[in-house]
Amino acid sequence: MSEEIVPPAKVIFLMAIGLMSLIGIGGALGFQAFGQDFIQNMNKYNLAEIGRGGRLVYYETPLGEKMVNVDIGFDLNTTYNSTHGLVYWFKGIELPYGSTIIDAIQNIHSAKEAELRVYNLENSSIFEKIPITDFQSLEFNVTYGSISGMRYIDEINGIKNVPGLLLQWMIYFWNPEKGQFVYLTASPDRFTLSHRDTIIIIYDEFGGWPADCCSGGGWEYNEYEGALTR
């Protein structure tokens, strides 16, 4: 029985850079012609690297339905005013077991609550939570691209990937074992959600490495008590 070798994180990131470059040069069709196995392997390696693909947590309703409850944050890289940025948080999204990140995005308006996190641009550890009472009226128009049958986020509210400039939508999830957010190169429609997952979707420059949004200085994301008490 052969042992499957999982590439280190640096290799996975380099694979992601190659993906962005190929899309920028030849578009999705050109990438598909390059080879379908590349994106399939990138998804597989990334999921193995972060410990996904095995047993996932869920809860059962009184009727015996298997469900998960997750949070999603959106950082559109926009500002609240001249001194503050903002992040949208949708908390307590209930989904059937087996749902993916894209399923969660499509059901944000079913969240139990939502809030703005308005943070100081000079020191993001200083932020204020502002409840959004009528969040069902918020519009998050999401457009997806597809590569080898797997979807990726291409545009949200008119903010579009620019592969030539490495500006893109990036996805992180909170890994409780590592105690930090982990960057996903896996396709959002191949990442199966576990109960109490926290996902953050960010628009920023890839720049050779994912934006250091969550593991070092992104304090506006670093509050997980809600997920732990559900």
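Here the structure is a predicted model, which means the values were calculated and not measured.

Here is what the cut-offs are and how they apply
- Residues numbered from 1 in each chain as written.
- Predicted model: local features only at pLDDT ≥ 70, side-chain atom pairs only at ≥ 80, totals over all residues.
- Heavy atoms only, no water.
- Helix = DSSP H or I, 4+ residues; strand = E, 2+ residues; numbered from the N terminus.
- Contact = heavy atoms within 4.5 Å.
- Areas by Shrake-Rupley, 256 points an atom, 1.4 Å probe, with all protein chains shown as cover.
- pLDDT = per-residue confidence, 0-100.
- Buried < 20%, exposed > 50% of the residue type's maximum accessible area, 1.4 Å probe, protein only.
- Pairing = 2+ DSSP bridges.
- Core = buried A, V, L, I, M, F, W, Y, C linked by side-chain atoms within 4.5 Å.
- Salt bridge = Lys/Arg side-chain N within 4 Å of Asp/Glu carboxyl O.
- Phe/Tyr/Trp six-rings, centres within 6.5 Å; stacked < 30°, edge-to-face > 60°.

Within the protein chain, the regular secondary structure consists of four helices and eleven strands. Contacts in the protein chain between residues far apart in sequence, at least 24 positions, make up 66% of those at least 6 positions apart. If you sum the accessible surface of the protein chain, you get close to 11,600 Å²; carbon and sulfur atoms cover 52% of it.

On to the confidence of the model for the protein chain. Of all residues in the protein chain, 66% have pLDDT values of 70 or greater, and the mean over the chain is 75. Looking across the protein chain, the model is least confident in helix H4 (residues 225-229), with a mean pLDDT of 33, and most confident in helix H3 (residues 101-105), with 96. Low pLDDT, under 50, characterises residues 1-15; the stretch is placed with 24 contacts to residues that sit more than four places away or in other chains. Contacts from residues 20-35, a stretch scored under 50 in pLDDT, to residues over four places away or in other chains number 20 contacts.

Here the focus is the pairing of strand S4 (residues 113-120). Burial runs high along S4: six of the eight residues are buried. Sheet analysis places strand S3 (residues 84-96) next to S4, joined by eight bridges and oriented antiparallel. When the bridges of S4 are listed, His84 appears paired with Asn120. Note that S4 and strand S5 (residues 127-131) share five bridges and pair antiparallel. Counterpart to Leu116 in the pairing with S5 is Ile130.

This part takes up the nonpolar core. Counting 34 residues, the largest nonpolar core has Phe74, Tyr88, Phe90, Ile199 and Ile201 as its most contacted members. Where this core is concerned, the elements lending two or more residues are strand S2 (66-75), S3, H3, S4, strand S7 (150-156), strand S9 (167-175), strand S10 (180-184) and strand S11 (198-205). Broken down by element, the residue count for this core peaks at five residues, all from S3. In this structure, Phe90 is in contact with Val70, Asp71, Ile72, Phe74, Ile108, Ala111, Glu113, Ala114, Phe135, Leu138 and Phe140, ignoring residues within four places of it in sequence. Tyr119, Met170, Ile202 and Phe206 belong to the second largest nonpolar core, which has eleven residues in total.

With that settled, consider the sheet that holds strand S8 (residues 159-160). Read from one edge of the open sheet, three strands run S6-S7-S8, paired in antiparallel fashion. Whereas interior strands pair on both sides, the edge strands pair on one side only; in this sheet they are strand S6 (142-147) and S8. Both S6 and S7 contribute to a ladder of six bridges, which runs antiparallel. Within S7, the residue paired with Ser146 across the bridge is Arg151.

One pass over the structure, following the stated rule, counts five salt bridges. A salt bridge links Arg117 to Glu115; the shortest N-O distance between them is 2.8 Å. Classification of Arg117 as buried rests on a relative accessible area of 2%. Accessibility expressed as a relative area gives 6% for Glu115, which makes it buried. Between Asp189 and Arg190 there is a salt bridge; the shortest N-O distance is 3.9 Å. The exposure class assigned to Asp189 is buried, which follows from its relative accessible area of 16%.

The next point concerns the packing of aromatic side chains. By the definition in use, this model includes nine aromatic pairs. Judged by centre distance (4.7 Å) and plane angle (50 degrees), the rings of Tyr58 and Tyr97 are tilted. Pair noted here: Tyr58 is in the loop between helix H2 (36-49) and strand S1 (59-60) and Tyr97 is in the loop between S3 and H3, with a separation of 39 residues, a long-range link. When its relative accessible area of 31% is taken as the criterion, Tyr58 is described as partly exposed. Relative to Phe140, the ring of Phe74 has its centre 4.7 Å away and its plane inclined at 40 degrees; by these criteria the two rings are tilted. With a gap of 66 residues between them, Phe74 in strand S2 and Phe140 in the loop between S5 and S6 connect regions that are remote in the sequence. For Phe140, a relative accessible area of 13% gives the class buried.

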